[in-house]
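These are the residues of each chain, in order.
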Amino acid sequence: MNTRIGFWLVIFLIVFISVFNTSSYSQTNGNLVVSPNGSIPQLAVDNNGNAHIVWTTYESESSSIQYSVVSSSGNKLIDSLQIGNSKYFDEPNISLGKENIIISWRAVIGGSESYIDGRFLDYKGNLDSVFGAFSSPGSASSSTPYSCELDKGKFLLAWSGEKTIDGKILSVDSVNVNTLNFVNLNQSSIKLLGPVILKAPGINKYSLVWLDDHTGETQLFTRIFNLDNTPVSEIITVSTDSLNDLFYYSAAMDSTGKFIVAWSGDKNNIWQIDKRLFDSSGNPITGCQKVNADSDKVNPYATVSVSFAKNVNSIIVWEALLNNHAKVYLNRYDPAGTLLGKTINFTPGQDTTNNVYVCASLKDDLIYMSWNQNNKVMLKIADFNKPEFVKR
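Note that this is a predicted model, so its numbers are computed, not measured.

For the coordinates displayed, the defined rule picks out four salt bridges. Note that Asp79 is salt-bridged to Lys76, the shortest N-O span being 3.7 Å. Lys258 serves as the salt-bridge partner of Asp254, at 3.8 Å between the closest nitrogen and oxygen. Pair check on accessibility: Asp254 and Lys258 agree, each one buried.

Right, here's the structure in full:
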C-alpha cells in the first residue's frame, strides 16, 4: 500500500510541477500581453496550433526584432528571443516551413539606405544561420519583405524596390546569389509594404500581390508564377473599385489555390474595406465587394488581415473606429464566402486612438490575432464557431 501511495505521489508531483512551471502571459481585458514594448507584429500558426509572433522593439538608440511562440492555451513556449538588433530595423515577416522558420525584415544603414535581412530558425528557437543582407544596400526602398516555402527547405523571399519587385531562393544551407526580377515598372513606382506571396501545399504555382501606380493611379495587382519562377499569367488588376489612398492590404490562399485579397481605401473621404476573390489561375470569381457595413466606421489607413483555414472557412479583420477609438472588427465566412452571423467587435475593451496594425490567422477552428495596443504586442485566441464578443 505504501509503495502504491508513493508511486502516485511521485506522479502527482511530476504533473503538478510541469503544469505550474508553464509560464503564462499577463492579460489586459482577457487578451494576452506578449510584449510590453513592441510594434507592427506579424504571426503564423504551426500545425500544433502554436502562434509564432515577430515584432520590432524600438529603443532610444537602436531597434531589435523579437520572436515569441505561444501555445493555443496561452502559455509561453519561447519568450522574446532577440533575432537581431541594429540602429534601425522595421517591418518583420515570418514564414513557417516543414522543418525551418524564416524571419526577415527591412534594415536601414547610413540613415537612409535600406536592405532586406533575415535569419533561419528551427522549431526549438535555435538560430540556424546568419546570412547578412539578402539584398544590396538601397535596393529595398521602404519595403516589407515576404517569404513562403515553395518546397521542403526551399523558400522564396521577395521585396520591392522603388520600381521593381525582386526576390531570392533561400535554404538553410545556401542563398542563391542571383536576384530574381518579377516586375519592372520603369517609370512607375511600387508602393510601401512590398509583395505578398501566396502558395498552398500541393499547388505547383504561386501568386504575387502588390500595390503600384503604373496605370496612373495606385491599384493592387496580382500575377501567377510557376515554381521555376516563370510567369503563367499577365499582370491582373485586383482593385477596380476606384478607392483612393490604397495603402494596407492582405491576401490569403486556400488549399485549392483560390485566393482572396482585402484592402482599405477611401471614397469621398469615407474609409472602407473591400475584398475580391480569384481562382487559382488568377481569374476573378467576384468583383470588388465592400466588407464593412455603411454604419461601421473604418480607421483611416486601416490595416486589414485575411486568412483561410483548411476547411476553407475564412476571416477578415480590420481596424475600425468606435467613438473615435480604434477597435478590431471581425467577419467570418463559410466556404462559399457567405458572411456568418454579425460583424464582431473583437477588441471591445481596447482603449487606444492609435493604429493597431492587426494581423490574424485562422487555424482549423481557432482564430489567432495579434495587434498593437498602446505600444504593447497583444494576442487573442478565440473559437471560430463561438465568438466571444458580439458587436455593440
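Its location among the elements puts Ser314 in strand 24 (residues 314-322). Considering only alpha carbons, one finds Ser314 and Phe384, 70 residues apart in sequence, at a separation of 9.4 Å. Setting aside its immediate chain neighbours within four residues, Ser314 contacts Ser307, Phe308, Asn331, Arg332, Tyr333, Leu362 and Phe384.

The subject of this paragraph is the nonpolar core. Of all hydrophobic cores here, the largest spans 34 residues; its most connected members are Phe182, Leu220 and Val261. What Phe182 contacts, discounting residues up to four positions off in sequence, is Leu156, Ala158, Ile165, Asp166, Gly167, Tyr206, Leu208, Arg223, Phe225 and Asn229. Of all hydrophobic cores here, the second largest spans 19 residues; its members include Val328, Leu330, Ile367 and Phe384.

Let us now look at the packing of aromatic side chains. Aromatic rings in a pair are described by how distant their centres are and how their planes are angled relative to each other. For the structure shown, the criterion picks out eleven aromatic pairs. Between Phe120 and Phe155, the ring centres sit 5.4 Å apart and the planes meet at 65°, which makes this aromatic pair edge-to-face. Of the two residues, Phe120 is situated in strand 9 (residues 113-122) and Phe155 in strand 11 (residues 154-160); the sequence distance between them amounts to 35 residues. For Phe120, a relative accessible area of 0% corresponds to the buried category. Phe155 gets classed as buried once you look at its relative accessible area, which sits at 0%.

Turning next to the sheet that holds strand 19 (residues 259-267). Reading across the sheet, the four strands line up as 18-19-20-21 and stay open at both edges, with antiparallel pairing between neighbours. Looking along the sheet, the strands with just one partner apiece sit at the ends: strand 18 (249-253) and strand 21 (289-290). Looking at chain direction, strand 18 and strand 19 are connected through five bridges and run antiparallel. Across the sheet, residue Met253 finds its bridge partner in strand 19, namely Phe259.

Parameters and conventions
Residues numbered from 1 in each chain as written. Predicted model: local features only at pLDDT ≥ 70, side-chain atom pairs only at ≥ 80, totals over all residues. Heavy atoms only, no water. Salt bridge = Lys/Arg side-chain N within 4 Å of Asp/Glu carboxyl O. Buried < 20%, exposed > 50% of the residue type's maximum accessible area, 1.4 Å probe, protein only. Helix = DSSP H or I, 4+ residues; strand = E, 2+ residues; numbered from the N terminus. Contact = heavy atoms within 4.5 Å. Core = buried A, V, L, I, M, F, W, Y, C linked by side-chain atoms within 4.5 Å. Phe/Tyr/Trp six-rings, centres within 6.5 Å; stacked < 30°, edge-to-face > 60°. Pairing = 2+ DSSP bridges.

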